Amino acid sequence: MKNIWLLLIFLPLISNSQNLQLSEKGEIHILTCGPYQGELYSAFGHSAIRVKDPQKGYDILYNYGVFDFDQPNFYLNFARGHLNYKLGVTEYRNFRDYYIYYNRYIHEQVLNLSHQQKQQLFDFLQWNALPENQYYLYDYFYDNCATRVRDALVKTFGDSVQFDGSYINTNYTIRELTDLYLKQQPWGDLGIDICLGLPMDKVAAPYEYMFLPDYIEKGFNHATIVRDGKRVPLVKNTIITYNSTPEEDQASAITPLISFIILLFIGIIATYFGYKKGKLYAGFDVLLFSVIGLIGWLLLLLWLATDHNAAARNFNLLWAIPLHFPVALLLLMRKKPAFLTKYFSATWIISLLLLLCWAFLPQQIHYAFIPFVILIGLRAFYIQKFLSKHEAA
């Protein structure tokens, strides 16, 4: 009980002090927490740093995954890729209980540091938690709550700490690494695959795997540090604080692929009856191509008007052509512009070429879009034929 009150006294001072000292009993732990499928962002797990000193009464949790909804222009900054995260400081017990409540495993790697090295790292964390130092510009893959844990040691110890990536025997791209964690969130996976472009398809170097908390844990297990003149393993031992229990698969039965197949069948039926009755069903096409066009404008803005580097050079623009909106609205006109025939002719040709080249593109486009691109090509082909027939008439 005494330690808890000491902690409550010290915590308000931590953000404004670099003077807290560790005793010989002090320890620093790297925490790896399991995923939670209730939210997209939590599906990847989490990393944090614990500073524990029973002699001094410290049990402090440093968490680089904190963001503030109340920061000025939060949603605008998020959209522009200027989202500020910060290093939050809290009581370890509260953090631990939160993750246990959501059935997320907690592994704690005890760092194999000398007393002087522990104090150096603790000093860095205290400095980093100061109001003028605690904020950083978040990047999904290169500067996040996991990489910041690794970088805290690199900035403190420099070349003394070395990560051996030879244990990595896969050649995953960043997109493929992301996909591994989203098997229960197919719609979230689809959204990421739509919005993020070619930079996601870079083959990740072993060091870059550590944007994921699991690979922070693995990376630290394969790292060494110079201690008292000798190179030793960075991790002394691992404590399993909490083992999560198996949960049911939360993935929806209505996957993107099933949804797009259903939509394709609706399009086939509309095309069949339209052909039989000599009708265009322009309302269906205006809705379809307007939505596609609006998606295209979003992707273009993410690429050209924001600092979301991973959204650049997005090959989804080959099917989500921005010009579809507002061109599709012209289908509602009684006398349709002559260029529409050529426009939709070009659209179905692009769709056909995309399908033929799908497996050879440098960017991996989500396979669920195959029936959707077939639908785009089918309706564009029918519109072109319909307009050509009525022009001839």
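Considering the side chain of H46
Then comes step 1: By the element assignment, H46 lies in strand β2 (residues 46–53).
Then comes step 2: In terms of polar contacts, H46 uses its side chain to reach the side chain of N63, at 2.7 Å.

A look at the sheet that holds strand β8 (residues 223–227)
Then comes step 1: Ordered by their spatial adjacency, 3 strands build an open sheet running β7-β8-β9, and the pairing between neighbours is antiparallel. Of all strands in the sheet, those with a lone pairing partner are β7 (161–163) and β9 (230–233), marking the two edges. This sheet shows a mean twist of 25 degrees between the axes of neighbouring strands, independent of strand direction.
Then comes step 2: Inspection of the sheet shows β7 paired to β8 by 3 bridges, in the antiparallel sense.

Some details on the nonpolar core
Then comes step 1: One finds I49, Y62, Y64, L111, L121, F220 and L234 to be the most contacted residues of the largest nonpolar core, which totals 55 residues.
Then comes step 2: Judged by nonpolar contacts, the second largest core, of 36 residues, contains I194, V327, L331 and L340.

Let's talk about unusual backbone geometry
Glycine aside, negative phi is the norm for most residues, and most peptide bonds take the trans geometry.
Then comes step 1: Unlike most non-glycine residues, D228 shows phi in positive territory, near 50 degrees.
Then comes step 2: On the secondary structure map, D228 appears in the loop between β8 and β9.
Then comes step 3: What makes D228 exposed here is its relative accessible area of 64%.
Then comes step 4: At Y281, a position not held by glycine, the phi torsion is positive, near 55 degrees.
Then comes step 5: Tracing the chain through its elements places Y281 in the loop between α9 (256–277) and α10 (282–304).

A word on a nonpolar patch on the surface
Then comes step 1: Together, W187, I254, I258, I262 and I266 make up an exposed nonpolar region whose accessible area comes to about 450 Å².
Then comes step 2: No other element matches α9, which puts 3 residues into the nonpolar patch.
Then comes step 3: Within the fold, I266 resides in helix α9.
Then comes step 4: The class for I266 is partly exposed, based on a relative accessible area of 43%.

Focus on the sheet that holds strand β4 (residues 84–91)
Then comes step 1: Sheet architecture is open: 7 strands sit in the order β6-β4-β3-β2-β1-β5-β10, paired in antiparallel fashion. Single-partner strands in this sheet number two, and they are β6 (135–137) and β10 (235–242). When strand polarity is set aside, the average angle formed by the axes of neighbouring strands in this sheet is 25 degrees.
Then comes step 2: Judged from the 5 bridges that link them, strand β1 (residues 27–33) and strand β5 (residues 106–111) form a sheet pairing that is antiparallel. In the sheet register, C33 faces β5, and the bridge partner there is I106.
Then comes step 3: Running over the sheet, helix α3 (residues 92–101) touches β1, β2, β3 (58–67), β4, β5 and β10 and is turned about 105 degrees from β4.
Then comes step 4: In this fold helix α5 (residues 147–157) packs onto β1, β2, β3, β5 and β6, with an angle of close to 45 degrees to the strand it touches most, β2.

Regarding empty space enclosed by the protein
Then comes step 1: The final tally for this structure, using the stated rule, is 1 cavity of 30 Å³ or more.
Then comes step 2: Here the largest cavity is characterised by a volume of approximately 30 Å³.
Then comes step 3: In terms of lining residues, the largest cavity is bounded by Y64, F124, N128, R148, D151, A152 and K155.
Then comes step 4: Looking at the lining of the largest cavity, the elements that each hand over two or more residues are α4 (115–128) and α5.
Then comes step 5: Looking at the lining of the largest cavity element by element, the count peaks at 4 residues for α5.

Considerations on the packing of aromatic side chains
Then comes step 1: Per the stated rule, a full pass over the model turns up 27 aromatic pairs.
Then comes step 2: Their ring planes at 80 degrees and their centres at 5.3 Å tell us that Y272 and F273 sit as a pair that is edge-to-face.
Then comes step 3: Where Y343 meets F344, the ring centres are 5.3 Å apart and the plane angle is 80 degrees; that geometry is what we call edge-to-face.
Then comes step 4: Taken together, the ring pairs in this structure connect Y64, Y85, Y136, Y138, Y140, F141 and F211 into an aromatic cluster.
Then comes step 5: Across from the ring centre of Y215, 4.4 Å away, lies the NZ or CZ of K218, which sits over that ring.

So, the pattern of salt bridges
Then comes step 1: Enumeration according to the criterion identifies 11 salt bridges in this entry.
Then comes step 2: Among the salt bridges present, the one from D97 reaches R96, with a minimum N-O distance of 3.0 Å.
Then comes step 3: The partly exposed category is assigned to D97, whose relative accessible area is 35%.
Then comes step 4: Among the residues examined, R96 registers a relative accessible area of 23% and is labelled partly exposed.
Then comes step 5: Among the salt bridges present, the one from D143 reaches R148, with a minimum N-O distance of 2.7 Å.
Then comes step 6: Judged by its relative accessible area of 15%, R148 is buried.
Then comes step 7: Within the structure, one salt-bridge network assembled from shared partners comprises R50, D59 and E108.

The rules behind the values
Residues numbered from 1 in each chain as written. Predicted model: local features only at pLDDT ≥ 70, side-chain atom pairs only at ≥ 80, totals over all residues. Heavy atoms only, no water. Helix = DSSP H or I, 4+ residues; strand = E, 2+ residues; numbered from the N terminus. Polar contact = N/O pair within 3.5 Å; in protein donor to acceptor, adjacent residues only side chain to side chain. Pairing = 2+ DSSP bridges. Axes fitted to C-alpha atoms, helices over the stretch in contact; angles between N-to-C directions. Core = buried A, V, L, I, M, F, W, Y, C linked by side-chain atoms within 4.5 Å. Buried < 20%, exposed > 50% of the residue type's maximum accessible area, 1.4 Å probe, protein only. Patch = residues over 30% accessible without salt bridge, like charges linked within 9 Å, V, L, I, M, F, W, Y side chains within 5 Å. Areas by Shrake-Rupley, 256 points an atom, 1.4 Å probe, with all protein chains shown as cover. Salt bridge = Lys/Arg side-chain N within 4 Å of Asp/Glu carboxyl O. Contact = heavy atoms within 4.5 Å. 1 Å grid on protein atoms, 1.4 Å probe; cavity = no way out; pocket = protein on both sides within 12 Å on 5 of 7 lines; lining within 4 Å. Points joined across faces, edges and corners; volume = space filled by probe spheres on them. Phe/Tyr/Trp six-rings, centres within 6.5 Å; stacked < 30°, edge-to-face > 60°. Lys NZ or Arg CZ within 6 Å of the ring centre and 35° of its normal.

So far we have only geometry, and geometry alone does not tell us how the molecule works.
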